[in-house]
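# Report on the structure
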Amino acid sequence: MPYKNIVITSGSPVQVRPPKQDQFYVGFSTVNSENPGNKLFDFELVKQNLINHFNTRKGERVMNPDFGCVIWELLFEPLTGDVRDLIQKDIIKICESDPRAFASQIDIREYEQGFMLELTLETTDSNQSNVLRLAFDQKLGLQVQ
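What comes next concerns the included structure. (Residues numbered from 1 in each chain as written. Predicted model: local features only at pLDDT ≥ 70, side-chain atom pairs only at ≥ 80, totals over all residues. Heavy atoms only, no water.)

## Describing the overall build of the chain
Applied cut-off: Counting from the N terminus, the helices are the DSSP runs of H or I reaching at least four residues and the strands are the DSSP runs of E reaching at least two. When a residue's accessible area, from a 1.4 Å probe over protein chains only, is under 20% of the maximum for its type it is buried; when over 50% it is exposed; and in between it is partly exposed. Contact criterion: two residues are considered in contact whenever any of their non-hydrogen atoms come within 4.5 Å of each other. In this description, accessible areas are obtained by the Shrake-Rupley approach with a 1.4 Å probe, and a residue is regarded as covered only by the protein chains that are shown.
The helix and strand tally for the chain stands at two helices and six strands. Written out in order from the N terminus, the α and β elements of the chain read β-β-α-α-β-β-β-β. Across the 145 residues in the chain, those meeting the buried criterion constitute 34%. In the chain, the proportion of contacts linking residues at least 24 apart, taken out of those at least 6 apart, comes to 39%. Put simply, the chain shows about 10,400 Å² of open surface, and 50% of that area lies on carbon and sulfur atoms.

Here it is as structure tokens:
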């Protein structure tokens, strides 16, 4: 007497396709009070991650002293050629740390309270581009404009 009866039927296997996604990236952020649902999608998520990276001082993150932005140590320095090169290399390194986007154009300007960055970011998997303006202020900290 058999333990189980096994029935084998012939036919084509059923293929289940995953639903089409409207967004490439989905994330969560409580920083932006204008975002009512705390969810971020696609380019807004990439921008928020880069802003978080820029808002962290170099050496501030535990167990990762290379994470962060060097601009905070240079706020009181004049924007000479060497300082500009150092800031630009750090910006490129920060943007390259996120594989979802790259900086196609970088503009660094000095103003009375710090530095102004204008980055043209492009995503690697779509044709989206956006300008990210960041003001590193000596008194107010990082301001997104």
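This is not the end of the story, as more comes after the structure.
## A look at the side chain of Thr 120
Along the polypeptide, Thr 120 turns up in strand E4 (residues 114-123). Take Thr 120: its relative accessible area is 17%, and that puts it in the buried class.

## Section: the sheet that holds strand E5 (residues 129-137)
Condition: A pair of strands is treated as paired once DSSP finds two or more bridges between them. A fitted line through C-alpha atoms serves as each axis, taken over the contacting stretch for helices, and the angle formed by two N-to-C directions is quoted from 0 to 180°.
As summarised here, the arrangement of the four strands in space is E3-E4-E5-E6, forming an open sheet in which the pairing is antiparallel. Each edge of the open sheet carries a strand with a single partner, namely strand E3 (101-111) and strand E6 (141-144). Strand-to-strand twist in this sheet, taken as the mean axis angle between neighbours without regard to direction, amounts to 20°. Across four bridges, E5 lies against E6 in antiparallel orientation. Considered in E6, the bridge of Phe 136 is made with Leu 142. Lying over the sheet, helix H2 (residues 81-96) contacts E3 and E4, oriented at roughly 150° with respect to E3.

## Observations regarding the state of the cysteines
A covalent bond bridging the sulfur atoms of two cysteines is what the word disulfide describes. Formally: The definition used for a disulfide is geometric: two cysteine sulfur atoms within 2.5 Å.
Using the criterion set out here, one finds zero disulfides in the structure. Unpaired in this structure, Cys 95 has its nearest cysteine sulfur neighbour in Cys 69, at a distance of 9.8 Å.

## Let's talk about the pairing of E3
Here is the key point about a regular strand: its side chains alternate between the two faces of the sheet. Direction of pairing for E3 relative to E4: antiparallel, over a ladder of ten bridges. If you follow Phe 102 over to E4, its bridge partner there is Glu 122.

## Things to note about unusual backbone geometry
Notably, Met 63 is not glycine yet its phi reads approximately 65°, a positive angle. Among the structural elements, Met 63 can be located in the loop between helix H1 (42-55) and H2. On the basis of relative accessible area, Met 63 is assigned to the exposed category, the value being 81%.

## Details of the packing of aromatic side chains
Basically, it comes down to this: Between the rings of Phe, Tyr and Trp (Trp by its six-membered ring), a pair exists once the centres lie within 6.5 Å; its type follows the angle of the planes, with under 30 degrees stacked, over 60 edge-to-face, and the other angles tilted. Our definition puts a charge over a ring when NZ of Lys or CZ of Arg is within 6 Å of the ring centre and also within 35 degrees of the ring normal.
Enumeration according to the criterion identifies two aromatic pairs in this entry. Arranged with centres 6.2 Å apart and planes meeting at 75°, the rings of Phe 54 and Phe 136 form a pair that is edge-to-face. Here Phe 54 is found in helix H1, whereas its partner Phe 136 is found in strand E5, with 82 residues between them in sequence. In this pair, the class of Phe 54 matches that of Phe 136, namely buried. Here the aromatic cluster, defined as three or more aromatic residues joined through ring pairs, consists of Phe 54, Trp 72 and Phe 136. Across the ring face of Phe 67, the terminal group of Arg 61 is positioned such that the distance to the ring centre comes to 4.3 Å.

## Observations regarding the environment of Pro 65
Relative to the helices and strands, Pro 65 resides in the loop between H1 and H2. Among residues more than four places away in sequence, those in contact with Pro 65 are Lys 58 and Gly 59.

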